[in-house]
Every structure is written in structure tokens, then in C-alpha cells.
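An overview of the molecular structure
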Amino acid sequence: ASLAARRDAQRRRVCRLYRKALHHTLDWVIFREPFYKEASKLRARFDVNKDVVDVDAIERLIVKGEAEFKKFQHPEPYAVPWSPEGVTYARNPPLPAEVCIFY
Amino acid sequence: WGLLWRRWMSAPAQDGISEKEALDRVMMIVKAHPKVNPAKLTQSSHFMNDLGLDSLDVVEIVMGFEEEFVLYIPDEVADKLVSVPAAVDFVAKHPKAK
């Protein structure tokens, strides 16, 4: 039914929100020990609404969470260097086979 | 001969990680999660079905993979890493896994 599809989409949205929130928390709090504390707090906030069953209530909670995340975002999130958001992306593309380098 | 020399100078001998090492490290990361019972963990456990983890726990474990292997895992791929063999497969095949 479309209800199951909606719930699935909501589950995916919640997971992605949690993932981005974790990454940005790590960006704000650079060291591991305070990051684990902040991550536990974040998880506790997500767990408070774990048992909500009504689809519309879940929708409202997700929208509220995403709005809060928009304010909380880090301005310069860290990305793995070779990733599309990273620093070294396409920096040294592989050379064509005809080129030979002699040192 | 110049081609051989160029080949030796440029590409590393082996990209990525071997399957065995990937398996060891993946199991280590999953065991490190506080909600996981190490006695139930096998090579083919599914996070949600076998280990009884929540979807948010799976997100945390995937983030652990990202940090351990220094990988970039986009959202669509991360949705699919829901079991130990899937994760080991993904990491072993990834050329940039450290």
C-alpha cells in the first residue's frame, strides 16, 4: 500500500537526517570524546520519538528536525579528499596511455 | 621498456584492501558498537534481522565504516549496507579503501 511506501520514505529521511547530523556534529566538535557525548545526546533526542505511529505526526517531526538541522549545519563540513565534495576531487586525473614520464 | 617503467612509477601495486582484512576490520567495528551482542555476531549477520539493531544503529555503524576505511559513502549506497557480507563486499571492492 502507499502507506508502507510513505513509511519507508520517512524512514529513509530520518536515517539521512541522522547521518548528516552526526557528520556535522563531528565537524563542530572535532575531538572524539566530546563527539561521543554529543552523539549520545543526539541519539537520545531521536529516541524520544521512537514510538510515534501516526504518519502525519512523524512527518511534522521530520520537517521540524530538518529545519533545526538547517540552522545547525557546519559552514565548512569535512569531506574525504577524493570525494565529490572534497578538496582533491579530479585534481590529478589519470594520464592517457600514450603519455610516458621519464624521470 | 619505458611503458614498464611508467607502470611501476605510477600505479600502486594493489588498490584497496584484501577481503580477509576487510572482514576482520568490519567485524571489529560492528563489535565495538555498544548495542551489539558479540556472541551473536557471525560472518553473515544481518544488522536488523539477526542482531536486532535499529535503523539509527545501522547509520552509526556505517559511519564507523566511513571513518575506519576513510571512505565516502553516498546516501543511496549507505541505505544498502545492511549486513556484514554486504559491507565486506563493498569495502573490499572499493579502490580507495585504506
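Fair warning: this is a prediction, and the values are worked out from it, not measured in the lab. (Residues numbered from 1 in each chain as written. Chains lettered and ligands numbered in written order. Predicted model: local features only at pLDDT ≥ 70, side-chain atom pairs only at ≥ 80, totals over all residues. Heavy atoms only, no water.)

The next point concerns the overall build of chain A. Of the regular secondary structure elements, chain A holds three helices and zero strands. Tracing chain A from N to C terminus, the helices and strands come up as α-α-α. The C-alpha atoms of chain A give 20 Å as radius of gyration, which overshoots the globular expectation for 103 residues (13 Å, by more than 25%). Along the first, second and third principal axes, the C-alpha atoms of chain A reach 65 × 40 × 20 Å. Every one of the 103 residues in chain A was classed for burial, and the buried ones make up 25%. Considering only contacts within chain A whose residues lie at least 6 apart along the sequence, 62% involve residues at least 24 apart. Computing the positive centroid from 19 side-chain charges and the negative centroid from 14, chain A places the two 3 Å apart. (Helix = DSSP H or I, 4+ residues; strand = E, 2+ residues; numbered from the N terminus. Rg over C-alpha atoms; globule rule 2.2 N^0.38 Å. Buried < 20%, exposed > 50% of the residue type's maximum accessible area, 1.4 Å probe, protein only. Contact = heavy atoms within 4.5 Å. Lys, Arg positive; Asp, Glu negative; His and termini not counted. Charge placed at Lys NZ, Arg CZ, Asp CG, Glu CD.)

This paragraph deals with the nonpolar core. Taken as a class, soluble globular proteins show a tendency for nonpolar side chains to be buried jointly. Residues and elements named next belong to chain B. Core analysis: the biggest nonpolar cluster contains 28 residues, and Val26, Val30, Phe47, Phe65, Phe69, Val84 and Val91 have the highest contact counts within it. Those elements giving two or more residues to this core turn out to be α2 (19-32), α3 (55-68) and α5 (84-93). Excluding its chain neighbours within four sequence positions, the residues that come into contact with Val26 are Phe65, Phe69, Val84, Ala87 and Val88. (Core = buried A, V, L, I, M, F, W, Y, C linked by side-chain atoms within 4.5 Å.)

This next bit is on the UniProt feature "domain: Carrier" (unreviewed entry) in chain B. What UniProt calls "domain: Carrier" (unreviewed entry) maps, in this numbering, to residues 20-95 of chain B. A helix fraction of 57% and a strand fraction of 0% characterise residues 20-95 of chain B, whose end C-alpha atoms lie 15 Å from each other. (UniProt positions renumbered as here; feature names shortened; annotations may be inferred.)

Right, let's get into the interface of chain B and chain A. Counting residues at the interface gives 27 residues for chain B, matched by 28 residues for chain A. Carbon and sulfur atoms make up 61% of the area that chain B and chain A hide from each other, which totals about 2400 Å². Counting across the interface, chain B meets chain A through seven salt bridges. The closest approach of N and O atoms between Arg32(A) and Glu67(B), which form a salt bridge, is 2.7 Å. (Buried area = accessible area lost by both parts, 1.4 Å probe. Salt bridge = Lys/Arg side-chain N within 4 Å of Asp/Glu carboxyl O.)

Let us look at the pattern of salt bridges. Between side chains of opposite charge, a pair can form as their charged atoms come close. All names here are of chain A. A complete count under the given rule lists 19 salt bridges over all chains for this structure. A salt bridge links Asp47 to Arg43, with the shortest nitrogen-to-oxygen separation between them at 3.4 Å. Of the two residues, Asp47 and Arg43 are both situated in helix α2 (residues 32-48); the distance of four residues between them amounts to about one turn of the helix. For Asp47, a relative accessible area of 25% puts it in the partly exposed group. Residue classification places Arg43 among the buried residues on the basis of a relative accessible area of 8%.

This next bit is on unusual backbone geometry. Phi at Ala90(A) is positive, roughly 55°, even though this residue is not glycine. In this structure, Ala90(A) sits in the segment after α3 (55-72). At Val70(B), a residue that is not glycine, the phi angle is positive and equals roughly 50°. Along the chain, Val70(B) turns up in the loop between α3 and α4 (75-80). For Val70(B), a relative accessible area of 31% corresponds to the partly exposed category.

Another aspect to go through is α3(B). An ideal rise of 1.5 Å per residue puts 20 Å on 14 residues; α3(B) measures up with 20 Å between its terminal C-alpha atoms. By the criterion of burial, α3(B) is predominantly enclosed, with 10 of the 14 residues buried. When α3(B) is considered as a whole, its buried residues turn out to be Ser55(B), Leu56(B), Asp57(B), Val58(B), Val59(B), Ile61(B), Val62(B), Met63(B), Phe65(B) and Glu66(B). On the buried face of α3(B), the contacting elements are α1 (2-28) and α2 of chain A together with α2, α4 and α5 of chain B. (Expected span 1.5 Å × (residues − 1).)

Residue and element names in this part refer to chain A. The grouping of Leu95, Val99, Ile101 and Tyr103 at the surface amounts to a nonpolar patch, some 370 Å² of accessible area in total. Among the structural elements, Ile101 can be located in the segment after α3. The class for Ile101 is partly exposed, based on a relative accessible area of 31%. (Patch = residues over 30% accessible without salt bridge, like charges linked within 9 Å, V, L, I, M, F, W, Y side chains within 5 Å. Areas by Shrake-Rupley, 256 points an atom, 1.4 Å probe, with all protein chains shown as cover.)

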